[in-house]
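# Commentary on secondary and tertiary structure
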Amino acid sequence: ERGKKKLVIVIDALDEGIGNEEENIPNVIPDHIPEYVSFLLSYRVNQNKENKKVERNLHALPPERIRILQAANPLNGLKAEDVKEFLFQAHRGTTPDSTFERVWEASSRDLNGQFADPFYLRFVLDGVYQKRIFLERSETIPDSLDDAFEMKWVGLPEANNFLCHRLLLYLAIMRDHGDDELFVELFNREKIVDEPLTASDIAETRLHIGKLLIYDGDRYTIFHDRFRHFLVGEQKDPIAEALGIED
């Protein structure tokens, strides 16, 4: 409308806000969006750059109003100045040089010292929010991605007989995606808690580990192969091993 200012609404990790229930985040996005309003959405995709769950929930939006940013791939790594800005925003001010040096060294180790791994940086930010990492004290910062994994693992809730930990370990050894109903049947068969678990129990547990997962519709698996290796080590494909096929 004439005289309206441009409005941009940002929704990060949209796929984590879509469950089996009718009320979910995409429901707040109207079918008709005024020209002066734009939505900037982020969500994980599979190897085919698809996320069927998100696509199903956004089907009412007109295709001419949707533009996919193919070049938006932060997993390629961040530059040093981006890391400095990240630390500035995380700390709400300037951090010591020793903090930047430690974060840069740890986050760029697997990228030939040229770029920072945003996956590591996200764990640092989680630690800051949970008051396990203090950016003014560089000794509290994990010195590798595996150390960041360890910090995350130790910090997971222990409710329902370590259900978060059990769920991640099962996903780590599975060759395919799982879903909430599968784990309800599995954990109830094992009787890990006194009262039978429901799909809602699994979904509630999954909220604590959502950023460690990647989704394909309602099914999910471990997001990062390095985290899978951290949990269970190198796992050979049993079929390939039986056939004598090298990975």
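To keep things clear, this report deals only with the structure shown in the data block. Please read these numbers as outputs of a predicted model, since none were measured by experiment. (Residues numbered from 1 in each chain as written. Predicted model: local features only at pLDDT ≥ 70, side-chain atom pairs only at ≥ 80, totals over all residues. Heavy atoms only, no water.)

### So, the side chain of Ser 108
Selection rule: Each helix is a run of H or I in the DSSP string that is no shorter than four residues. Each strand is a run of E no shorter than two, and both are numbered from the N terminus. With a 1.4 Å probe rolled over the protein chains alone, any residue whose accessible area is under 20% of its type maximum counts as buried; one over 50% counts as exposed, and the rest are partly exposed. Under this definition, polar contacts are N or O atom pairs within 3.5 Å; protein pairs additionally need one hydrogen-donor-capable and one acceptor-capable atom, and for neighbouring residues in sequence, both atoms have to be side-chain atoms. Contact definition: two residues touch when any of their heavy atoms are within 4.5 Å.
Mapping Ser 108 onto the fold places it in helix α3 (residues 97–108). On the basis of relative accessibility, which here comes to 4%, the residue Ser 108 falls in the buried class. Within the local environment of Ser 108, its side chain forms a polar contact with the backbone oxygen of Trp 104, the two atoms lying 2.6 Å apart. Sequence-distant contacts of Ser 108, defined by excluding residues within four places in its chain, comprise Gly 113, Gln 114, Phe 115 and Ala 116.

### Regarding helix α4 (residues 118–129)
Put simply, the rule reads: One less than the residue count of a helix, multiplied by 1.5 Å, gives the span that helix is expected to have.
Taking 1.5 Å per residue, 12 residues should reach 16 Å; α4 reaches 16 Å between its end C-alpha atoms and fits that length. Among the 12 residues in α4, 10 count as buried, and that is most of the element. Those residues of α4 not exposed but buried are Pro 118, Phe 119, Tyr 120, Leu 121, Arg 122, Phe 123, Val 124, Asp 126, Gly 127 and Val 128. Where the residues of α4 are buried, they touch α2 (80–91), α3 and α5 (145–154). Among the residues of α4, the N-terminal cap falls to Asp 117, whose side-chain oxygen and the backbone nitrogen of Phe 119 are separated by 2.8 Å.

### A short note on the pattern of salt bridges
Stated precisely, the cut-off is as follows: A carboxyl oxygen of Asp or Glu within 4 Å of a side-chain nitrogen of Lys or Arg is what we treat as a salt bridge.
All told, the structure shown has 10 salt bridges when counted by the stated rule. Note that Glu 105 is salt-bridged to Arg 109, the shortest N-O span being 3.9 Å. Arg 109 gets classed as partly exposed once you look at its relative accessible area, which sits at 46%. Taking the shortest distance from any N to any O, the salt bridge between Asp 146 and Arg 226 comes out at 3.6 Å. Of this pair, Asp 146 sits in helix α5 while Arg 226 sits in helix α9 (residues 225–232), and the two are 80 residues apart along the sequence. Residue classification places Arg 226 among the partly exposed residues on the basis of a relative accessible area of 29%. A single salt-bridge network, built from bridges that share partners, covers Asp 110, Asp 146 and Arg 226.

### As for the pairing of strand β3 (residues 213–216)
To keep it simple, the criterion reads: For two strands to count as paired, DSSP must find a minimum of two bridges between them.
Relative to strand β4 (residues 219–222), β3 runs antiparallel, the two sharing 4 bridges. Bridged to Leu 213 within β4 is Ile 222.

### With respect to the packing of aromatic side chains
Which entries qualify depends on this criterion: Two aromatic rings, drawn from Phe, Tyr or Trp (for Trp, its six-membered ring), form a pair once their centres lie within 6.5 Å of each other, and the interplanar angle then sorts them: stacked below 30 degrees, edge-to-face above 60, tilted otherwise. Distance and angle both matter: a charge sits over a ring if NZ of Lys or CZ of Arg is within 6 Å of the ring centre and within 35 degrees of the ring normal.
This model, assessed by the stated rule, comprises 11 aromatic pairs. Here the aromatic rings of Phe 119 and Phe 149 are separated by 6.0 Å at their centres, their planes lie at 65°, and the arrangement is edge-to-face. Taken together, the positions of Phe 119 in helix α4 and Phe 149 in helix α5 put the pair 30 residues apart, joining distant regions of the chain. Owing to a relative accessible area of 0%, Phe 149 belongs among the buried residues under this scheme. Aromatic ring contacts, followed pair by pair, group Phe 119, Phe 123, Phe 149, Phe 223, Phe 227 and Phe 230 into a single cluster. Above the plane of the ring of Phe 100 lies Lys 84, whose end atom (NZ or CZ) is 5.0 Å from the centre. Over the ring of Phe 123 we find Arg 122; its NZ or CZ atom is 4.6 Å from the centre of that ring.

### Some remarks on a nonpolar patch on the surface
Quick reminder of the rule: Only residues above 30% relative accessible area that lack a salt bridge enter a patch, with like-charged residues linked at up to 9 Å and the nonpolar side chains Val, Leu, Ile, Met, Phe, Trp and Tyr linked at up to 5 Å. Per-residue accessibility takes into account occlusion by the displayed protein chains alone, with areas from the Shrake-Rupley method and a 1.4 Å probe.
A contiguous nonpolar surface patch, about 380 Å² in accessible area, is contributed by Val 8, Val 10, Leu 40 and Leu 69. Among the secondary structure elements, Leu 69 is positioned in the loop between α1 (52–57) and α2.

### Observations concerning α3
Taking 1.5 Å of rise per residue, 12 residues should cover 16 Å, and α3 covers 16 Å from first to last C-alpha, within 8% of that figure. Three or more residues of α3 are buried, namely Thr 99, Phe 100, Val 103, Trp 104, Ala 106, Ser 107 and Ser 108. As for α3, its buried residues are in contact with α2 and α4.

### Some remarks on unusual backbone geometry
For Arg 92, which is not glycine, the phi torsion reads 55° and is therefore positive. Looking at the element boundaries, Arg 92 is found in the loop between α2 and α3. The exposure class of Arg 92 is exposed, given its relative accessible area of 76%. Of note, the phi angle at Phe 162 is positive, near 60°, even though the residue is not glycine.

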